Amino acid sequence: MPGIDESLLEAMRLPGARGALVVDWISGLALGAVGDAPGDDPEATAAETAELARLAMESGTLAPGDTSVLAPAGKEPPVQDLILTTADAYHLLRFVITTFDSTVFLYLWLDRGDGNLALARIRLAEMADRLVLG
């Protein structure tokens, strides 16, 4: 069972990977980072992507039927992942199910020219399922 560092290194082996983070979406803090970050600031990237994650998780439209901010421990979160595309990149956020409070996600910055969005999404989901925090 890989930890944060191993999962981030695995994410960086994906074709087109430019950077990866593990982020707590409640606090906006990066729990781990590898590679580059948009704007060359991993902490700012963590805070900004956490805001996006928080909006999605708290949305009654995107996450219907779940009025709580946190997914129950060990349960599937109301939103599995988010994909944001720009002219030159893909930004993927994959929520991690944990045994305590499930407030963590994996973030991957993927070059649009070299990356494979479908493959990255599948692999990120696999990494999130295996990630061990603590």
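Refer to the preceding data block for the structure.
Note that the structure is a prediction, hence the values are computed from the model and not measured.

A. Representation of a negative patch on the surface within the structure. On the surface, a cluster of negative charge is made up of D36, D40, D41, E43 and E48. Judged by its relative accessible area of 35%, D41 falls in the partly exposed class.

B. The arrangement of the sheet that holds strand β2 (residues 29–35) in detail. What the 5 strands build is an open sheet, ordered β2-β1-β5-β4-β3; its pairing is antiparallel. The open sheet has two edge strands with one neighbour each: β2 and β3 (81–85). Within the sheet, the average angular offset between the axes of one strand and its neighbour, ignoring direction, is 15°. Its contacts with the sheet place helix α2 (residues 42–58) against β1 (17–24), β2, β3, β4 (89–96) and β5 (104–111), and it is angled at close to 60° to β1.

C. Expanded view of the pairing of β5. Summarising burial for β5: 7 of the 8 residues are buried, a large majority. By the bridge criterion, 8 bridges tie β4 to β5 in an arrangement that is antiparallel. Its bridge partner being in β5, V96 is matched across the sheet by V104.

D. Molecular detail of unusual backbone geometry. Look at D40: it is not a glycine, yet its phi comes out positive at around 60°. Along the chain, D40 turns up in the loop between β2 and α2. Relative accessible area serves as the criterion here: at 69%, D40 is assigned to the exposed category.

E. Summary view of the pattern of salt bridges. Within this structure, the stated rule accounts for 5 salt bridges. For R54, the salt bridge is made with E51, and the minimal N-O distance between the two is 2.7 Å. Highlighted residues: R54 and E51, both in helix α2, separated by 3 residues, approximately one helical turn. The partner of E126 in a salt bridge is R123, with the nearest N and O atoms 3.9 Å apart. With E126 and R123 both in helix α3 (residues 117–130) and 3 residues apart, this pair spans about one turn of that helix. A residue is classified by how much of its surface remains accessible, and E126, at 37% relative accessible area, is partly exposed. Where salt bridges share partners, they join D81, R94 and R121 into one cluster.

F. Representation of helix α1 (residues 4–12) in the model. The complete set of buried residues in α1 reads I4, S7, L8, E10 and A11. Looking down the long axis of α1, one finds its buried residues gathered within 160° of arc, a one-sided arrangement. Considering only its buried residues, α1 is in contact with β1, β2, β5 and α3.

Definitions and limits used
- Every chain begins its residue count from 1, and numbering advances along the sequence as written.
- For this predicted model, a pLDDT threshold of at least 70 governs which residues receive local features, and a threshold of 80 or more governs which side-chain atom pairs are given and counted, while totals over whole chains, interfaces and linings are taken from all residues.
- By convention in this description, side-chain values take in all heavy atoms of the structure and omit both hydrogens and water.
- Patch membership requires over 30% relative accessible area and the absence of a salt bridge. Like charges are linked within 9 Å, and nonpolar side chains (Val, Leu, Ile, Met, Phe, Trp, Tyr) within 5 Å.
- A 1.4 Å probe and the Shrake-Rupley method give the accessible areas. Residues count as covered only by the protein chains that appear here.
- A pairing counts as a salt bridge when a side-chain nitrogen of Lys or Arg comes within 4 Å of a carboxyl oxygen of Asp or Glu.
- Here the positive residues are Lys and Arg and the negative ones are Asp and Glu; neither His nor the chain ends is included.
- A charge is said to be at NZ when it belongs to Lys, at CZ for Arg, at CG for Asp and at CD for Glu.
- Think of it in three bands: residues with accessible area under 20% of the maximum for their type are buried, residues over 50% are exposed, and the middle band is partly exposed, with areas taken using a 1.4 Å probe on protein chains only.
- In short, DSSP must find at least two bridges between two strands for them to pair.
- Numbering of helices and strands starts at the N terminus; helices are DSSP runs of H or I of at least 4 residues and strands are runs of E of at least 2.
- The axes used here are C-alpha line fits, helices contributing only the stretch in contact, and every angle between their N-to-C directions lies in the interval 0 to 180 degrees.
- Contacts between residues were defined by any pair of non-hydrogen atoms, one from each residue, lying within 4.5 Å.
- Along the arc lie the directions from the helix axis toward the C-beta atoms.

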